Amino acid sequence: MTEQNRLVGYARRSNGGATVRLSINVEEMKNCETYTTSDGQTYIPLVVSRHALELVLNGERAVTTVIQNTSASTE
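A. Structural context of the pattern of salt bridges. Scanning the entire structure with this criterion turns up three salt bridges. Among the ionic pairs, Arg 6 bridges to Glu 28, the shortest N-O distance being 3.2 Å. Residue Arg 6 is found in strand β1 (residues 2–13), and its partner Glu 28 is found in helix α1 (residues 26–29); the two are separated by 22 residues along the sequence.

B. Expanded view of a nonpolar patch on the surface. Residues Val 20, Leu 22, Ile 24, Ile 44, Leu 46 and Leu 57 make up a contiguous nonpolar surface patch of about 440 Å² in total accessible area. With three residues, strand β2 (residues 20–24) is the single largest residue contributor to the nonpolar patch. With respect to the helices, strands and loops of the structure, Leu 46 is situated in the loop between β4 (42–43) and α2 (50–57). A relative accessible area of 34% places Leu 46 in the partly exposed class.

C. Expanded view of the packing of aromatic side chains. Inspection of every chain in the model, using the stated rule, returns one aromatic pair. A ring pair is formed by Tyr 35 and Tyr 43, whose centres lie 5.8 Å apart and whose planes are at 25°; its orientation type is stacked. By relative accessible area, which is 42% here, Tyr 35 ends up partly exposed.

D. Broad picture of α2. Those residues of α2 that fall on the buried side of the exposure criterion are Ala 52, Leu 55 and Val 56. End-on view of α2: buried residues confined to an arc of 100°, all on one side of the axis. In α2, those exposed residues whose orientation departs by more than 90 degrees from the buried face are Arg 50 and His 51. Of the residues one or two after α2, Gly 59 is the one with positive phi, at around 80°.

E. Geometry of the environment of Ala 11. In this fold, Ala 11 is placed in strand β1. Residue classification places Ala 11 among the buried positions, given a relative accessible area of 1%. Discounting residues that sit within four places of it in the chain, Ala 11 has contacts with Val 20, Arg 21, Leu 22, Val 56, Ala 62, Val 63, Thr 64 and Val 66.

Rules behind the numbers
Residues numbered from 1 in each chain as written. Predicted model: local features only at pLDDT ≥ 70, side-chain atom pairs only at ≥ 80, totals over all residues. Heavy atoms only, no water. Salt bridge = Lys/Arg side-chain N within 4 Å of Asp/Glu carboxyl O. Helix = DSSP H or I, 4+ residues; strand = E, 2+ residues; numbered from the N terminus. Patch = residues over 30% accessible without salt bridge, like charges linked within 9 Å, V, L, I, M, F, W, Y side chains within 5 Å. Areas by Shrake-Rupley, 256 points an atom, 1.4 Å probe, with all protein chains shown as cover. Buried < 20%, exposed > 50% of the residue type's maximum accessible area, 1.4 Å probe, protein only. Phe/Tyr/Trp six-rings, centres within 6.5 Å; stacked < 30°, edge-to-face > 60°. Arc of directions from axis to C-beta. Contact = heavy atoms within 4.5 Å.

Listed below in structure tokens is the structure:
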């Protein structure tokens, strides 16, 4: 099995710089893997690179990706 990344959106710093704005593709979210906690809540695990996000927050980069790591068979 190999790991694949599913692009689901982007993270960018707000114009004022006080917040991080996430833009998530709704259609791609429908294809994401989910998990359910013991209390019955369902979540979609997503990942943002800490280093890339720091570059965005420091103004060195305009945008970074929001992904989901998925497992895929290599048959």
